[in-house]
Amino acid sequence: MDINQDQKIEILLSLMAERYTSTHLMRERVIKTVMWSVGLLFVFAGWIIQGDVSPGPFQKLYLCIAVIIFVATVLYFLHDTKKGFDRNFQVLVRIEKTLELYKKGSFTNDGSGLYPEQWQQVGRGKFFKSCYIIVCLSALIAIFAIILGGTL
């Protein structure tokens, strides 16, 4: 099968658009998951603190374990999504390199690449780390609410 240069570029541009769309959808899915998880943990913490609930020691232990299991499940989902995000990003960088978007002088007259070199690095951002931290801090708040529940 012979494909000319213009057809190859068209295919690459189409693949790149799909990779960008996938990246945005994964980020959106992560944001929604984190928002729902934090919301549920805060509602739970508020219910424990403000309600007429005063769990005993075994109920507190059970509730803490339930929060830990919930958060572990969320973190596993986020980590799995990050793996897919990173693989998608690697394909995207490969397409961008093939299109010479990082190559110095390809698209600019000043001797620089159209895209900065650091954009090629997988995992350079703090998006997923921030999401992990937000979920874990929310879990700590919920656990503190459980431990202190009925004593405030």
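It should be noted that the structure appears before, not after, this text.
Residues numbered from 1 in each chain as written. Predicted model: local features only at pLDDT ≥ 70, side-chain atom pairs only at ≥ 80, totals over all residues. Heavy atoms only, no water.

## Notes on the nonpolar core
In terms of nonpolar packing, the biggest core is built from 23 residues, with Val 30, Val 34, Val 67 and Leu 78 touching the most fellow members. Within the residue set of this core, elements represented by two or more residues are helix H1 (5–50), helix H2 (57–98) and helix H3 (127–148). In terms of residue count, H3 provides more of this core than any other element does, nine residues in total. Not counting residues up to four positions away in its chain, the partners in contact with Val 34 are Leu 78, Cys 131, Ile 134 and Val 135. Leu 12, Phe 89, Leu 101 and Tyr 115 belong to the second-largest nonpolar core, a separate cluster that totals 10 residues. (Core = buried A, V, L, I, M, F, W, Y, C linked by side-chain atoms within 4.5 Å. Buried < 20%, exposed > 50% of the residue type's maximum accessible area, 1.4 Å probe, protein only. Helix = DSSP H or I, 4+ residues; strand = E, 2+ residues; numbered from the N terminus. Contact = heavy atoms within 4.5 Å.)

## Description of the state of the cysteines
Here, disulfide denotes a covalent bond that connects the sulfur atoms of two cysteines. One pass over the structure, following the stated rule, counts zero disulfides. You can see Cys 64 has no disulfide; the closest cysteine sulfur is in Cys 136, sitting 15 Å from it. (Disulfide = S-S within 2.5 Å.)

## Remarks on the packing of aromatic side chains
Any pair of aromatic rings gets described here by the distance separating the centres and the angle formed by the planes. Under the criterion given, the structure shown has five aromatic pairs. Judged by centre distance (5.6 Å) and plane angle (80°), the ring pair of Tyr 102 and Tyr 115 falls under edge-to-face. One end of the pair, Tyr 102, is in the loop between H2 and H3; the other, Tyr 115, is in the loop between H2 and H3, with 13 residues separating them in the sequence. The same class applies to Tyr 102 as to Tyr 115, namely buried. Pairwise contacts between aromatic rings join Phe 85, Phe 127 and Phe 128 into one cluster. (Phe/Tyr/Trp six-rings, centres within 6.5 Å; stacked < 30°, edge-to-face > 60°.)

## So, the side chain of Gln 120
Locating Gln 120 in the fold gives a position in the loop between H2 and H3. Not counting the four nearest positions on each side in its chain, Gln 120 is found in contact with Phe 89, Val 93, Lys 97 and Tyr 102.

## Structural notes on a nonpolar patch on the surface
Taken together, the side chains of Ile 133, Leu 137, Leu 140, Phe 144, Ile 147 and Leu 148 make up a nonpolar region of the molecular surface, amounting to roughly 570 Å² of accessible area. Inspection of the secondary structure assignment puts Ile 147 in helix H3. Residue Ile 147 is classed as partly exposed on the basis of its relative accessible area, which comes to 45%. (Patch = residues over 30% accessible without salt bridge, like charges linked within 9 Å, V, L, I, M, F, W, Y side chains within 5 Å. Areas by Shrake-Rupley, 256 points an atom, 1.4 Å probe, with all protein chains shown as cover. Salt bridge = Lys/Arg side-chain N within 4 Å of Asp/Glu carboxyl O.)

## Some words on the packing of H1 against H3
Put simply, H1 and H3 touch, their axes get as near as 8 Å, and they point 10° apart. Taken together, the axes of H1 and H3 are roughly parallel relative to one another. For the pair H1 and H3, the crossing hand works out as left-handed. Along the contact surface, H1 presents Arg 27, Val 30, Ile 31, Val 34, Val 38, Leu 41, Phe 42, Phe 44, Ala 45, Ile 48 and Ile 49, while H3 presents Phe 127, Phe 128, Cys 131, Ile 134, Val 135, Ser 138, Ala 139, Ile 141, Ala 142, Ala 145 and Ile 146. For the contact of H1 with H3, the residue count by class is 20 nonpolar, one polar and one charged. (Axes fitted to C-alpha atoms, helices over the stretch in contact; angles between N-to-C directions. Parallel < 35°, antiparallel > 145°, perpendicular 65-115°, else oblique. Left-handed = near helix turned anticlockwise from the far one by under 90°. Nonpolar A, V, L, I, M, F, W, Y, C, P; charged D, E, K, R; others polar.)

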